[in-house]
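Descriptive structure summary
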Amino acid sequence: MAPGEKIKAKIKKNLPVTGPQAPTIKELMRWYCLNTNTHGCRRIVVSRGRLRRLLWVLFTLTAVALIFWQCALLISSFYTVSVSIKVHFQKLDFPAVTICNINPYKYSAVRDLLADLEQETRTALKNLYGFPENKSRKRREAESWTSAWEGTQPKFLKLVPLLAFSQDETSKARDFLTGRKRKVSGSIIHKASDVMHVHESKEVVGFQLCSNDTSKCAVYTFSSGVNAIQEWYKLHYMNIMAQVPLEKKINMSYSAEELLVTCFFDGMSCDARNFTLFHHPMYGNCYTFNNRENETILSTSMGGSEYGLQVILYINEEEYNPFLVSSTGAKVIVHRQDEYPFIEDIGTEIETAMATSIGMHLTESFKLSEPYSQCTEDGSDVPISNIYNAAYSLQICLHSCFQTKMVEKCGCAQYSQPLPPAANYCNYQQHPNWMYCYYQLHQAFVREELGCQSVCREACSFKEWTLTTSLAQWPSEVSEKWLLPVLTWDQGQQIKKKLNKTDLAKLLIFYKDLNQRSIMESPANSIEMLLSNFGGQLGLWMSCSVVCVIEIIEVFFIDSFSIIARRQWHKAKEWWARRHAPPGPQGQDNLGLDIDDDLPTFTSALRLPPAPGTEVPGTPPPRYNTLRLERAFSDQLTDTQMPAES
């Protein structure tokens, strides 16, 4: 047998036997750990160092404990035949309810401020449509539709002339003031709907707006003379009211005692003290029920009209402005306590002589912010300053953006929105060009050229009340004979006349049921699901687990880094030693004596290549006579004696 084979046989003989042939339990466990596919057990045996072995023992025992725990839960859940029922009763907070009269100010209070504007409006109507002279209601008995100018020059029609255009000839228009045709320059913008036309009109009505130097003009036309005259009147109305102090405007509008005749909530009586004043530039004094300024937010525990808000409103049609509003009634909006009531955008109108029932259903929505959507939590990350004293919403952002652009471009703020810091409302005296600038800016806003729509984002969480409205005639012909006198007697101190059913409107707002619908977004791919998918793929294709991943991290990252760092350290030491070593004769390394720092294992020893046949230089072989044995005994055997050298 060759010497190499003898060495292999001797090493294998001394190795422990495999499997069940092991003589002891310890050897059996060692064999299992070296040959099993359970990575944790194998790493306990092959890891070097006590700390690593201890960590692998902890990892393995933790994994085994988790397996037993999860399996016990699964078995217990499988063999347990039970059901769970959750019944949840809750009280829903009643929303804030803002009520406004459609007519913002009592006509008797603002008549002096609007006298010249109303006179010019009537004169223009007579010249264009030929209104006959007639008498109006009692409060206007002394006024005539054919009032003379009495030597005064018209300022409103001269500043913004009302014009009538023919479809066949757009370069000329008939002036409302003189009734004669005049040349018109500038672009013509038709403010009719592009979606639907009820009929084709041969003549359109509009008004002309020009800049300060009158070099740039624009004519805004409407398919209906009613819309054109109301828009023209509204522009001058905002200019006049913008110069009136807020306190005076509050006194000219309706008080809570005048607007609210009766009030009930959840079967209990309420009054004007339960309402908070909110002054709107275009709707005057509005009143909010269950506002955030109250001590507590009211809630209801039952659904139905008997457990909601019931109010009777006094509309007082005789105090209506004939050119500002063309309908009678009130507007109501349901909103959150911290939300601004955009009564002009989403308000619901209430008719007089009718009982309006509004059933509510609450829907609460929650959206995920970035990276799932572009919504914002509170608007702090939106580069638009909130000029409203209310929580952020998309509508608030758009209005704030437009009002800010209005101040930047036109030098003043639009009257129907709150004032930005250090800004004033537009008026003729300080800003004569504001009308033309406002319309040009509004056209750019509608065409999304101001960038407001791209900057403003939707709120991530919001509440929405779905409203269902129904109407009924109120009071009935049978009940009005006693109901109206009783209400007149109850309001005798506030109302100095006998009530008519056309002056009253009844409003009922209630929850249809207490079922709250919540819409919540959740990520389709969470961290847990991502780890589960990774684990499933690794286990299916590579039979890999968490312990295997830890083993890979240890071998390919920790151990590899340690090897690289050790080699670099050795190279640095050698470089440092060569740099500081004294100069001397250069020797030659014996490659056959180059020994690794790490001792080889049995498998690696069998695969080592044979040592190169290099000779050790510099040492001659000894002479054999120097190896002569000294005589250890006095008597030497004859067969062992060495012959004498000659």
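This text follows the structure it describes.
A brief report on the enclosed structure follows.

What counts as what
- Residues numbered from 1 in each chain as written.
- Predicted model: local features only at pLDDT ≥ 70, side-chain atom pairs only at ≥ 80, totals over all residues.
- Heavy atoms only, no water.
- Phe/Tyr/Trp six-rings, centres within 6.5 Å; stacked < 30°, edge-to-face > 60°.
- Helix = DSSP H or I, 4+ residues; strand = E, 2+ residues; numbered from the N terminus.
- Buried < 20%, exposed > 50% of the residue type's maximum accessible area, 1.4 Å probe, protein only.
- Polar contact = N/O pair within 3.5 Å; in protein donor to acceptor, adjacent residues only side chain to side chain.
- Pairing = 2+ DSSP bridges.
- Axes fitted to C-alpha atoms, helices over the stretch in contact; angles between N-to-C directions.

A separate point is the packing of aromatic side chains. Scanning all chains against the criterion turns up 21 aromatic pairs. Centroid distance Tyr 340 to Tyr 388: 4.6 Å. Interplanar angle 70 degrees. Geometry classified as edge-to-face. Linking Tyr 340 in the loop between β15 (330–335) and α11 (343–346) with Tyr 388 in the loop between β17 (354–366) and α12 (394–410), this pair joins segments that are 48 residues apart in sequence. Looking at Tyr 340, the relative accessible area reads 12%, which means it is buried. Plain terms: the ring middles of Trp 434 and Tyr 438 are 6.3 Å apart, the flat faces sit at 50 degrees to each other, and that makes the pair tilted. Taken together, the positions of Trp 434 and Tyr 438, both in helix α13 (residues 434–446) and four residues apart, correspond to about one turn of that helix. Just as Trp 434 is buried, Tyr 438 falls in that class too. Within the aromatic cluster, the residues linked to one another by ring pairs are Phe 207, Tyr 220, Phe 222, Phe 402, Trp 434, Tyr 438, Tyr 439 and Phe 445.

What follows is about the side chain of Arg 336. Counting through the fold element by element, Arg 336 comes out in the loop between β15 and α11. For Arg 336, a relative accessible area of 17% puts it in the buried group. Side-chain polar atoms of Arg 336 contact the side chain of Asp 338, separated by 3.0 Å.

Before going further, it helps to examine the sheet that holds strand β11 (residues 275–280). Read across the open sheet, the five strands follow the order β11-β12-β2-β15-β16; overall the sheet is antiparallel. Each end of this open sheet is capped by a strand with a single partner; those strands are β11 and β16 (348–350). For this sheet the average axis-to-axis angle between neighbouring strands, irrespective of direction, equals 30 degrees. Of the strand pairs in this sheet, strand β2 (residues 96–101) and strand β12 (residues 284–289) are connected by four bridges, and their pairing is antiparallel. When the sheet's bridge partners are listed, Val 97 is paired in β12 with Phe 289.

Taken across its six residues, strand β14 (residues 309–314) has six buried, putting it largely inside the fold. Covered by surrounding structure in β14 are Leu 309, Val 311 and Leu 313 together with Gln 310, Ile 312 and Tyr 314, the residues of both alternating faces. Inspection of the sheet shows strand β9 (residues 260–265) paired to β14 by five bridges, in the antiparallel sense. Bridge assignment links Phe 265 to a residue of β14, and that residue is Leu 309. Where β14 meets strand β19 (residues 504–511), six bridges bridge the pair, whose relative direction is antiparallel. Across the sheet, the residue bridging to Gln 310 is Leu 508, located in β19.

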